[in-house]
Amino acid sequence: MTHHSRIRQQAPTLAPVDYAVQFGEFIGIGPNGNLWVDGCDVAELAERFGTPLYIISENQLRHTYRVFRDAFRAHYPDVEILFANKSNNGLAIRHIMNQEGAGGDCFGAQEMYMALLAGTDPRTLVLNGSNKQDSELEMAIANGLCVNIDAMDELDRIDVIARRLGVVADIGIRLKLDLEPLTGRMGVAMHGPGTLKQQSDSTKWGMTREQTVEIVRRAQAMPSVQLKETHFHLSRMSNDPADFAVMAREMITWSGHLRDHAGWIPPCIDIGGGWTFGKWYGTGPNSQLDDASAPTADDYARLCCAAIKEEAARLDLPLPKLRLEPGRALSGPAGVAVGRVGAVKTGATRKWVNLDISTNHLSWAAVLDWYYHAVPVVDARAEATETVDLVGPLCNSDELGKHRRMPALTRGDLVAFLDTGGYTESSAARYNAQLLPATVLVTGNHAEITTEREQLKDVAGRFRVPAHLLAASFARGD
Ligand SMILES: Cc1ncc(COP(=O)(O)O)c(C=O)c1O
């Protein structure tokens, strides 16, 4: 069997499921009125695997990836999608992305290790980070990843390691774009107050024009390194494709600057992540919901690719390869998180529905005031009769969803949060010594654990008590 026929066999043709209510191509309300993920009834999954539970639809992930990839390929000749591993860095997810032909953006040694462990082609991986350790650089260089430089001393450290290993290291440079046209633009304000330009300028990321020119000049004199790309990540500051097009245009403007001042034309630009997605029922940064009016991958692709082509033509530059690092837009829609109702409490002005899932598990709900659409799992279309606050069991207010319209929920019922495939498991916390949930991967009518549920030993087993404390607590006096 050739390599290619194996790949074809592994990347299946996808036929979206027809549901009574469609939440995605592979998530919706099924024939019995319950929430289904692909061919599995979520109520049965919760019974079988317990709660709180993360569920990922393999086919939804594949489908979303293909739509995103094809949108950019329709507008640009040479596109490579690098899945942002941080958004969901489970090994099974990485295997699926490999089979689809996606590369990856790695942050830190562990994420890089996991991608390599899953067999990702290192030439399709980049290592990003503002404070890379020597061991991390060595792992990247030894395996042939592209390291995106984000500190002035990084080039020399890479050079030393590459020479010691006797290899040529691929490098890129993370830029601090000027973004002058975004001076007066406000975004979704997820990185603090200020305009998009102020927000971008105030982060630790990227090298200035002068620094970039210096790095390029010095790198060109080093036989142990090879310049591969420039990089920028606008992040989730904005949902507007026009802002992303400004950024894409500036990447090319910067290429012109590098040609004119350092004699190097980047053969590849990597324009990072931050791409949103919308759902008719809403999801995303609270009060600025990503609903049916949110930009599609095609909207982003049309505007960004046009800007790149225009600016390249204006400056007489060849079109570079285009890399993108979508995370949330790919992993988000593939996930559903399920909690079980416990105490239901009525106050003077409010009603609280306590769940066993928490902001430890859906951290954006707390940190970014993120809206996740919530539905009852059983009889998911039941008429909403009351307004409740959905809360978790933690010792803080642990609000997962305020003022949600729900049917009357009682102890034992199940509630699902939609579009939770990104930045949930990968950023889950253990506050109050909570155990991390399990994840199941659903493929058709098959479901299998891809992350084991934590047990008490996983939490308690990490702690040590120094001998002198043991002695003070337990030593017997006369
Ligand atoms: C360098 C880089 N690329 C890509 C991403 C993915 O962003 P998103 O999930 O919003 O697409 C991030 C997120 O922090 C990032 O830092």
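Residues numbered from 1 in each chain as written. Predicted model: local features only at pLDDT ≥ 70, side-chain atom pairs only at ≥ 80, totals over all residues.

### What to know about the sheet that holds strand β2 (residues 27-29)
Adjacent strands of a sheet pair through backbone hydrogen bonds, lying either parallel or antiparallel.
Stage number 1. Sheet architecture is open: four strands sit in the order β1-β2-β3-β4, paired in antiparallel fashion. Edge positions in the sheet fall to β1 (21-22) and β4 (40-41), since each of these pairs with one other strand and no more.
Stage number 2. As paired strands, β2 and strand β3 (residues 35-37) are joined by three bridges and run antiparallel to one another. Bridge pairing in β3 links glycine 28 to tryptophan 36. (Pairing = 2+ DSSP bridges. Helix = DSSP H or I, 4+ residues; strand = E, 2+ residues; numbered from the N terminus.)

### So, unusual backbone geometry
Stage number 1. Following threonine 51, the chain continues to proline 52 via a peptide bond in cis, the omega torsion being -10°.
Stage number 2. Backbone geometry at leucine 179 places phi at a positive 50°, although glycine is not the residue there.
Stage number 3. The class of leucine 179 is buried, set by 21 C-beta atoms lying within 10 Å.
Stage number 4. The phi angle at serine 235 is positive, at roughly 70°, despite the residue not being glycine.
Stage number 5. With respect to the secondary-structure elements, serine 235 resides in the loop between β11 (225-231) and α10 (241-262). (Buried ≥ 20, exposed ≤ 12 C-beta atoms within 10 Å, placed from the backbone.)

### A few points about the packing of helix α5 (residues 108-117) against helix α6 (residues 134-143)
Stage number 1. Running from N to C, α5 and α6 cross one another at 25°; their axes reach a closest spacing of 9 Å. Between α5 and α6, the interaxial angle falls into the category roughly parallel. For the pair α5 and α6, the sense of crossing is left-handed. Only Ser135, Glu136, Met139, Ala140 and Asn143 of α6 make contact with α5, whose side of the interface consists of Gly108, Ala109, Met112 and Leu116. (Axes fitted to C-alpha atoms, helices over the stretch in contact; angles between N-to-C directions. Parallel < 35°, antiparallel > 145°, perpendicular 65-115°, else oblique. Left-handed = near helix turned anticlockwise from the far one by under 90°. Contact = placed C-beta atoms within 7 Å.)

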